[in-house]
Amino acid sequence: MRRRRKSYGPLMIIFVVIGIVVVFFARNYLYISKPIIKTADGKDVSLYIPTNADYQYVKNELASLNVLRSKNAFDWLAKRSHYYENIHPGRYILTDGMTNQQLVNMLRMGHQTPVKVVFNNMRTVEQLAGRISDQIEADSISIINEINNNPDVDATTFIPNTYEFYWNTDADDFVDKMIIEHKHFWNDARLQKAKNIRLTPKQVSILASIVDKETTKTSEMPRIAGVYLNRINKHWPLQADPTLVYALGDYSIRRVLDVHKKIDSPYNTYKYAGLPPGPICIPSIAAIDAVLNAEKHNYYYFCAKDDLSGYHVFASNITDHNRNAEKYRKALNKNKIYK
(Lines give C-alpha, C1' and ligand atoms only; values in the text may rest on other atoms or scores of the structure.)
Protein backbone atom coordinates (compact mmCIF):
# COMPACT_ATOMS: atom_id res chain seq x y z
CA MET A 1 0.00 0.00 0.00
CA ARG A 2 1.46 3.36 -1.09
CA ARG A 3 2.13 6.00 1.64
CA ARG A 4 0.46 9.38 0.96
CA ARG A 5 2.86 12.30 0.55
CA LYS A 6 2.28 15.23 2.97
CA SER A 7 1.08 18.50 1.41
CA TYR A 8 3.01 21.61 2.46
CA GLY A 9 1.07 23.98 0.18
CA PRO A 10 -1.20 25.62 2.81
CA LEU A 11 1.68 25.89 5.27
CA MET A 12 3.86 27.63 2.69
CA ILE A 13 1.08 30.04 1.92
CA ILE A 14 0.82 30.90 5.62
CA PHE A 15 4.57 31.50 5.87
CA VAL A 16 4.48 33.70 2.77
CA VAL A 17 1.61 35.74 4.14
CA ILE A 18 3.38 36.12 7.48
CA GLY A 19 6.51 37.17 5.67
CA ILE A 20 4.64 39.78 3.67
CA VAL A 21 3.02 41.13 6.82
CA VAL A 22 6.39 41.27 8.60
CA VAL A 23 7.98 43.07 5.65
CA PHE A 24 5.03 45.44 5.45
CA PHE A 25 5.19 46.39 9.11
CA ALA A 26 8.97 46.57 9.06
CA ARG A 27 8.91 48.96 6.13
CA ASN A 28 6.03 50.85 7.73
CA TYR A 29 8.16 51.33 10.83
CA LEU A 30 11.31 52.22 8.93
CA TYR A 31 9.60 54.61 6.49
CA ILE A 32 6.80 56.04 8.63
CA SER A 33 7.04 55.54 12.37
CA LYS A 34 10.78 55.44 13.01
CA PRO A 35 12.38 58.74 14.13
CA ILE A 36 13.82 60.41 11.04
CA ILE A 37 15.08 63.73 12.42
CA LYS A 38 18.42 63.79 14.19
CA THR A 39 19.67 67.24 15.21
CA ALA A 40 22.98 68.32 16.67
CA ASP A 41 22.85 68.27 20.47
CA GLY A 42 19.11 67.62 20.27
CA LYS A 43 18.39 71.29 19.47
CA ASP A 44 15.48 72.38 17.29
CA VAL A 45 16.31 73.33 13.71
CA SER A 46 14.35 75.79 11.55
CA LEU A 47 13.47 74.87 7.98
CA TYR A 48 12.56 77.90 5.83
CA ILE A 49 10.52 77.28 2.70
CA PRO A 50 10.10 80.41 0.55
CA THR A 51 7.04 81.28 -1.49
CA ASN A 52 6.83 79.36 -4.79
CA ALA A 53 9.41 76.78 -3.68
CA ASP A 54 9.04 73.32 -5.21
CA TYR A 55 9.55 69.82 -3.82
CA GLN A 56 13.14 69.65 -5.04
CA TYR A 57 13.93 72.84 -3.11
CA VAL A 58 12.53 71.30 0.08
CA LYS A 59 14.61 68.16 -0.40
CA ASN A 60 17.74 70.24 -1.02
CA GLU A 61 17.12 72.32 2.09
CA LEU A 62 16.62 69.25 4.26
CA ALA A 63 19.82 67.79 2.85
CA SER A 64 21.75 71.01 3.58
CA LEU A 65 20.50 70.99 7.18
CA ASN A 66 21.86 67.44 7.53
CA VAL A 67 19.06 66.30 9.83
CA LEU A 68 17.46 63.42 7.91
CA ARG A 69 18.36 59.89 8.97
CA SER A 70 17.05 58.58 5.64
CA LYS A 71 16.49 60.70 2.53
CA ASN A 72 14.89 57.72 0.78
CA ALA A 73 12.35 57.23 3.56
CA PHE A 74 11.34 60.88 3.44
CA ASP A 75 11.10 60.83 -0.36
CA TRP A 76 9.02 57.62 -0.30
CA LEU A 77 6.44 58.92 2.18
CA ALA A 78 6.37 62.44 0.73
CA LYS A 79 5.47 61.04 -2.68
CA ARG A 80 2.89 58.60 -1.28
CA SER A 81 1.32 61.54 0.61
CA HIS A 82 1.38 63.75 -2.49
CA TYR A 83 3.38 66.36 -0.58
CA TYR A 84 4.94 67.57 -3.83
CA GLU A 85 1.46 68.88 -4.72
CA ASN A 86 1.05 70.72 -1.39
CA ILE A 87 4.20 72.78 -0.81
CA HIS A 88 3.43 75.47 1.77
CA PRO A 89 5.92 78.30 2.42
CA GLY A 90 6.91 79.19 5.95
CA ARG A 91 9.17 78.39 8.88
CA TYR A 92 8.97 74.85 10.21
CA ILE A 93 10.58 73.61 13.41
CA LEU A 94 12.32 70.24 13.14
CA THR A 95 12.63 68.56 16.52
CA ASP A 96 15.02 65.78 17.41
CA GLY A 97 13.26 62.41 17.23
CA MET A 98 10.44 63.58 14.95
CA THR A 99 9.06 60.69 12.89
CA ASN A 100 8.79 60.70 9.14
CA GLN A 101 5.02 60.80 9.33
CA GLN A 102 5.09 63.77 11.71
CA LEU A 103 7.51 65.59 9.43
CA VAL A 104 5.60 64.98 6.21
CA ASN A 105 2.23 65.77 7.79
CA MET A 106 3.55 69.04 9.23
CA LEU A 107 4.91 70.16 5.86
CA ARG A 108 1.95 68.93 3.83
CA MET A 109 -0.57 70.67 6.12
CA GLY A 110 1.49 73.87 6.34
CA HIS A 111 1.68 73.80 10.14
CA GLN A 112 4.44 76.39 10.41
CA THR A 113 5.73 78.05 13.57
CA PRO A 114 5.50 81.87 13.85
CA VAL A 115 8.62 83.98 14.30
CA LYS A 116 9.13 86.63 16.96
CA VAL A 117 9.72 89.92 15.14
CA VAL A 118 11.52 92.52 17.24
CA PHE A 119 12.52 96.08 16.40
CA ASN A 120 13.68 99.04 18.45
CA ASN A 121 16.20 101.88 18.29
CA MET A 122 15.38 102.50 14.63
CA ARG A 123 16.23 105.95 13.27
CA THR A 124 14.60 105.69 9.86
CA VAL A 125 12.01 103.73 7.94
CA GLU A 126 14.86 102.37 5.82
CA GLN A 127 16.57 101.01 8.92
CA LEU A 128 13.29 99.50 10.06
CA ALA A 129 12.74 97.80 6.71
CA GLY A 130 16.22 96.32 6.87
CA ARG A 131 15.66 94.96 10.36
CA ILE A 132 12.27 93.47 9.46
CA SER A 133 13.54 91.86 6.24
CA ASP A 134 16.08 89.97 8.34
CA GLN A 135 13.21 88.35 10.24
CA ILE A 136 10.49 87.64 7.65
CA GLU A 137 10.43 86.73 3.97
CA ALA A 138 9.52 90.21 2.68
CA ASP A 139 12.57 92.12 1.40
CA SER A 140 13.43 95.65 2.55
CA ILE A 141 12.62 97.30 -0.80
CA SER A 142 9.08 95.93 -0.85
CA ILE A 143 8.55 97.10 2.76
CA ILE A 144 9.83 100.61 2.00
CA ASN A 145 7.65 100.83 -1.10
CA GLU A 146 4.59 99.68 0.83
CA ILE A 147 5.20 102.35 3.48
CA ASN A 148 5.91 105.14 0.97
CA ASN A 149 2.86 104.28 -1.13
CA ASN A 150 0.49 104.47 1.84
CA PRO A 151 -0.35 108.09 2.73
CA ASP A 152 -1.64 107.04 6.15
CA VAL A 153 1.63 105.38 7.17
CA ASP A 154 4.85 106.96 8.40
CA ALA A 155 7.49 106.28 11.04
CA THR A 156 5.01 107.05 13.84
CA THR A 157 2.86 104.11 12.72
CA PHE A 158 5.39 101.59 14.01
CA ILE A 159 5.42 100.90 17.74
CA PRO A 160 8.67 99.15 18.76
CA ASN A 161 7.81 95.88 20.43
CA THR A 162 7.90 92.11 19.93
CA TYR A 163 5.32 90.75 17.49
CA GLU A 164 4.40 87.33 16.10
CA PHE A 165 4.39 86.86 12.34
CA TYR A 166 4.47 83.93 10.01
CA TRP A 167 7.85 83.95 8.31
CA ASN A 168 6.33 84.11 4.80
CA THR A 169 4.54 87.40 5.59
CA ASP A 170 4.75 89.86 2.70
CA ALA A 171 5.22 93.64 2.92
CA ASP A 172 1.52 94.40 2.57
CA ASP A 173 0.52 92.09 5.42
CA PHE A 174 3.34 93.39 7.61
CA VAL A 175 2.26 97.02 7.24
CA ASP A 176 -1.42 96.11 7.69
CA LYS A 177 -0.65 94.41 10.99
CA MET A 178 1.42 97.38 12.15
CA ILE A 179 -1.54 99.68 11.44
CA ILE A 180 -3.76 97.42 13.55
CA GLU A 181 -1.19 97.29 16.37
CA HIS A 182 -0.89 101.10 16.23
CA LYS A 183 -4.66 101.43 16.72
CA HIS A 184 -4.56 98.99 19.63
CA PHE A 185 -1.69 100.90 21.23
CA TRP A 186 -3.52 104.22 21.01
CA ASN A 187 -6.34 103.14 23.29
CA ASP A 188 -8.82 105.50 24.93
CA ALA A 189 -6.56 106.11 27.93
CA ARG A 190 -3.59 107.19 25.81
CA LEU A 191 -5.78 109.28 23.50
CA GLN A 192 -7.19 111.11 26.50
CA LYS A 193 -3.70 111.79 27.88
CA ALA A 194 -2.63 113.19 24.51
CA LYS A 195 -5.69 115.41 24.49
CA ASN A 196 -4.86 116.62 28.01
CA ILE A 197 -1.47 117.95 26.83
CA ARG A 198 -3.06 119.32 23.62
CA LEU A 199 -1.13 117.08 21.25
CA THR A 200 -2.25 114.59 18.62
CA PRO A 201 -0.90 111.02 18.75
CA LYS A 202 1.44 111.87 15.88
CA GLN A 203 2.72 114.97 17.69
CA VAL A 204 3.23 112.89 20.83
CA SER A 205 5.33 110.45 18.81
CA ILE A 206 7.38 113.25 17.26
CA LEU A 207 8.16 114.71 20.67
CA ALA A 208 8.84 111.21 22.03
CA SER A 209 11.40 110.66 19.29
CA ILE A 210 13.30 113.71 20.53
CA VAL A 211 13.08 112.53 24.14
CA ASP A 212 14.36 109.12 23.02
CA LYS A 213 17.48 110.68 21.55
CA GLU A 214 18.07 113.03 24.48
CA THR A 215 18.56 110.28 27.04
CA THR A 216 19.05 106.58 27.47
CA LYS A 217 17.82 106.85 31.04
CA THR A 218 14.15 105.88 31.12
CA SER A 219 13.72 107.41 34.57
CA GLU A 220 14.59 110.85 33.16
CA MET A 221 12.26 110.76 30.19
CA PRO A 222 9.13 112.20 31.88
CA ARG A 223 11.16 115.15 33.23
CA ILE A 224 12.76 115.90 29.86
CA ALA A 225 9.34 115.61 28.20
CA GLY A 226 8.07 118.14 30.76
CA VAL A 227 10.80 120.60 29.76
CA TYR A 228 9.80 120.44 26.12
CA LEU A 229 6.10 120.76 26.92
CA ASN A 230 6.91 123.85 29.02
CA ARG A 231 8.73 125.34 26.03
CA ILE A 232 5.88 124.48 23.66
CA ASN A 233 3.35 126.09 25.99
CA LYS A 234 5.52 129.23 26.13
CA HIS A 235 5.90 129.18 22.31
CA TRP A 236 9.66 128.87 22.70
CA PRO A 237 11.85 127.04 20.19
CA LEU A 238 12.55 123.51 21.38
CA GLN A 239 16.30 123.93 20.75
CA ALA A 240 16.77 120.17 20.78
CA ASP A 241 20.26 119.07 19.78
CA PRO A 242 19.13 115.65 18.48
CA THR A 243 17.04 117.37 15.79
CA LEU A 244 20.19 119.05 14.47
CA VAL A 245 21.99 115.72 14.35
CA TYR A 246 19.07 114.31 12.38
CA ALA A 247 19.01 117.30 10.02
CA LEU A 248 22.76 116.98 9.40
CA GLY A 249 22.49 113.21 8.96
CA ASP A 250 25.74 112.71 10.87
CA TYR A 251 24.94 110.42 13.80
CA SER A 252 28.55 110.35 14.93
CA ILE A 253 28.24 113.89 16.34
CA ARG A 254 28.61 113.87 20.12
CA ARG A 255 28.99 117.58 20.61
CA VAL A 256 26.61 120.01 18.90
CA LEU A 257 28.37 123.29 18.04
CA ASP A 258 27.14 126.71 16.94
CA VAL A 259 28.05 125.92 13.35
CA HIS A 260 25.59 123.04 13.39
CA LYS A 261 22.78 125.39 14.42
CA LYS A 262 23.02 127.26 11.11
CA ILE A 263 21.68 124.45 8.96
CA ASP A 264 18.50 125.44 7.11
CA SER A 265 16.19 122.52 7.77
CA PRO A 266 12.66 122.22 9.14
CA TYR A 267 14.26 119.88 11.67
CA ASN A 268 16.45 122.69 13.00
CA THR A 269 14.54 123.40 16.21
CA TYR A 270 16.93 126.25 17.03
CA LYS A 271 15.80 128.08 13.91
CA TYR A 272 12.15 127.02 13.67
CA ALA A 273 9.72 127.01 16.58
CA GLY A 274 7.38 124.14 17.34
CA LEU A 275 7.71 120.47 16.64
CA PRO A 276 9.64 119.30 13.57
CA PRO A 277 7.53 117.92 10.69
CA GLY A 278 8.22 114.31 11.59
CA PRO A 279 9.94 112.03 14.10
CA ILE A 280 13.73 111.86 14.19
CA CYS A 281 13.55 108.16 15.02
CA ILE A 282 10.90 105.53 15.64
CA PRO A 283 10.12 106.35 19.28
CA SER A 284 10.04 103.70 21.97
CA ILE A 285 6.97 102.92 24.04
CA ALA A 286 8.85 104.24 27.09
CA ALA A 287 9.38 107.62 25.41
CA ILE A 288 5.79 107.86 24.17
CA ASP A 289 4.43 107.10 27.62
CA ALA A 290 6.94 109.56 29.11
CA VAL A 291 5.42 112.33 27.01
CA LEU A 292 1.88 111.27 27.89
CA ASN A 293 2.86 111.17 31.57
CA ALA A 294 5.25 114.12 31.48
CA GLU A 295 6.41 115.47 34.80
CA LYS A 296 4.88 118.80 35.76
CA HIS A 297 7.59 121.22 36.91
CA ASN A 298 9.08 124.67 36.26
CA TYR A 299 12.18 123.54 34.36
CA TYR A 300 12.84 125.06 30.95
CA TYR A 301 16.44 123.94 30.52
CA PHE A 302 18.52 120.85 30.95
CA CYS A 303 22.08 119.87 30.29
CA ALA A 304 24.11 116.68 30.49
CA LYS A 305 25.88 116.24 33.80
CA ASP A 306 29.59 116.98 33.88
CA ASP A 307 30.31 113.49 35.23
CA LEU A 308 29.40 112.20 31.74
CA SER A 309 27.13 109.61 33.33
CA GLY A 310 24.41 110.15 30.75
CA TYR A 311 22.14 111.80 33.27
CA HIS A 312 21.06 115.44 33.14
CA VAL A 313 20.81 118.43 35.42
CA PHE A 314 17.77 120.71 35.12
CA ALA A 315 17.28 124.45 35.57
CA SER A 316 14.39 126.88 35.65
CA ASN A 317 16.40 129.94 34.53
CA ILE A 318 19.05 130.70 31.96
CA THR A 319 21.68 131.74 34.53
CA ASP A 320 21.68 128.36 36.26
CA HIS A 321 21.54 126.62 32.90
CA ASN A 322 24.56 128.47 31.57
CA ARG A 323 26.48 127.54 34.70
CA ASN A 324 25.57 123.87 34.19
CA ALA A 325 26.41 124.03 30.49
CA GLU A 326 29.83 125.50 31.22
CA LYS A 327 30.64 122.62 33.58
CA TYR A 328 29.65 120.17 30.87
CA ARG A 329 31.76 121.94 28.21
CA LYS A 330 34.79 121.77 30.48
CA ALA A 331 34.19 118.05 31.03
CA LEU A 332 34.03 117.49 27.27
CA ASN A 333 37.25 119.43 26.73
CA LYS A 334 38.97 117.57 29.53
CA ASN A 335 38.02 114.27 27.91
CA LYS A 336 39.03 115.59 24.46
CA ILE A 337 35.54 115.29 23.02
CA TYR A 338 35.55 118.06 20.44
CA LYS A 339 32.90 116.94 17.98
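Structure first, text after, so check above.
The structure presented is a predicted model; accordingly, all values stated were derived computationally and were not measured. (Residues numbered from 1 in each chain as written. Predicted model: local features only at pLDDT ≥ 70, side-chain atom pairs only at ≥ 80, totals over all residues. Heavy atoms only, no water.)

Colleague: Lay out the overall build of the protein chain in plain terms, naming residues and giving numbers.
Modeller: When helices and strands are counted, the protein chain shows 13 helices and six strands. Relative to the 2.2 N^0.38 estimate, which gives 20 Å for 339 residues, the radius of gyration of the protein chain is 32 Å and therefore markedly larger than a compact globule would have. Dimensions of the protein chain, computed from the C-alpha atoms along their principal axes, are close to 140 × 45 × 35 Å. Taking all 339 residues of the protein chain together, 39% fall into the buried category. Contacts in the protein chain between residues far apart in sequence, at least 24 positions, make up 64% of those at least 6 positions apart. A total of about 19,600 Å² of accessible surface is found on the protein chain, and carbon and sulfur atoms cover 50% of it. Each charge class in the protein chain can be summarised by its mean position, and for the 45 positive and 34 negative side chains these summaries are 9 Å apart. (Helix = DSSP H or I, 4+ residues; strand = E, 2+ residues; numbered from the N terminus. Rg over C-alpha atoms; globule rule 2.2 N^0.38 Å. Buried < 20%, exposed > 50% of the residue type's maximum accessible area, 1.4 Å probe, protein only. Contact = heavy atoms within 4.5 Å. Areas by Shrake-Rupley, 256 points an atom, 1.4 Å probe, with all protein chains shown as cover. Lys, Arg positive; Asp, Glu negative; His and termini not counted. Charge placed at Lys NZ, Arg CZ, Asp CG, Glu CD.)

Colleague: Would you mind going over the environment of Asn-168 in detail, with residue names and values included?
Modeller: Following the sequence through the fold, Asn-168 ends up in the loop between strand S4 (162-165) and helix H7 (171-185). A relative accessible area of 24% places Asn-168 in the partly exposed class. Separated by 33 residues in sequence, Asn-168 and Gln-135 place their C-alpha atoms 9.7 Å apart. At 2.8 Å, the side chain of Asn-168 and the side chain of Gln-112 are in polar contact. (Polar contact = N/O pair within 3.5 Å; in protein donor to acceptor, adjacent residues only side chain to side chain.)

Colleague: Describe helix H9 (residues 201-214), naming the residues involved and giving the relevant values.
Modeller: Count 3.6 residues to each turn of an α-helix, and residues three or four apart come out pointing the same way. With 14 residues, H9 extends 20 Å between its outermost C-alpha atoms, agreeing within 8% with the 20 Å of an ideal straight helix rising 1.5 Å per residue. For H9, a buried count of 10 out of 14 residues is recorded, marking the element as mostly surrounded by other parts of the structure. Val-204, Ser-205, Ile-206, Leu-207, Ala-208, Ser-209, Ile-210, Val-211, Asp-212 and Glu-214 are the residues of H9 that are buried. The inward-facing, buried residues of H9 contact helix H8 (188-196), helix H10 (221-233), helix H11 (241-248), helix H12 (285-292), strand S5 (301-304) and strand S6 (312-315). (Expected span 1.5 Å × (residues − 1).)

Colleague: Mind laying out the environment of His-312, listing which residues take part and the relevant values?
Modeller: In this structure, His-312 sits in strand S6. Exposure remark for His-312: the relative accessible area of 9% places this residue in the buried category. Taking the C-alpha atoms as reference points, His-312 and Arg-223, 89 residues apart in sequence, are found 9.9 Å from one another. Discounting residues that sit within four places of it in the chain, His-312 has contacts with Glu-214, Thr-215, Glu-220, Ile-224, Phe-302, Cys-303, Ala-304 and Lys-305.

Colleague: Quick rundown of the packing of H8 against H12? Include the residues and the values.
Modeller: Where H8 meets H12, the closest approach of the two axes is 9 Å, and the angle between their N-to-C directions is 50°. Accordingly, the angle class assigned to the pair H8 and H12 is oblique. Residues Arg-190, Lys-193 and Ala-194 of H8 form the contact with H12, whose participating residues are Ile-285, Asp-289 and Leu-292. Among the residues forming the contact of H8 with H12, the class breakdown is three nonpolar, no polar and three charged. (Axes fitted to C-alpha atoms, helices over the stretch in contact; angles between N-to-C directions. Parallel < 35°, antiparallel > 145°, perpendicular 65-115°, else oblique. Nonpolar A, V, L, I, M, F, W, Y, C, P; charged D, E, K, R; others polar.)

Colleague: Lay out the pattern of salt bridges with the relevant residues and their values.
Modeller: This structure, assessed with the given rule, holds 10 salt bridges. When the shortest N-O distance is used, the salt bridge between Glu-326 and Arg-329 registers 3.1 Å. Residue Glu-326 and its partner Arg-329 are located together in helix H13 (residues 318-334), separated by three residues, close to a single helical turn. You can call Arg-329 partly exposed: its relative accessible area is 38%. Here the residues in one salt-bridge network are Lys-59, Asp-75 and Lys-79, joined through shared partners. (Salt bridge = Lys/Arg side-chain N within 4 Å of Asp/Glu carboxyl O.)

Colleague: Can you tell me about H12, naming the residues and giving the values?
Modeller: Those residues of H12 that fall on the buried side of the exposure criterion are Ala-287, Ile-288, Ala-290, Val-291 and Leu-292. Its buried side turned inward, H12 meets H7, H8, H9 and H10.

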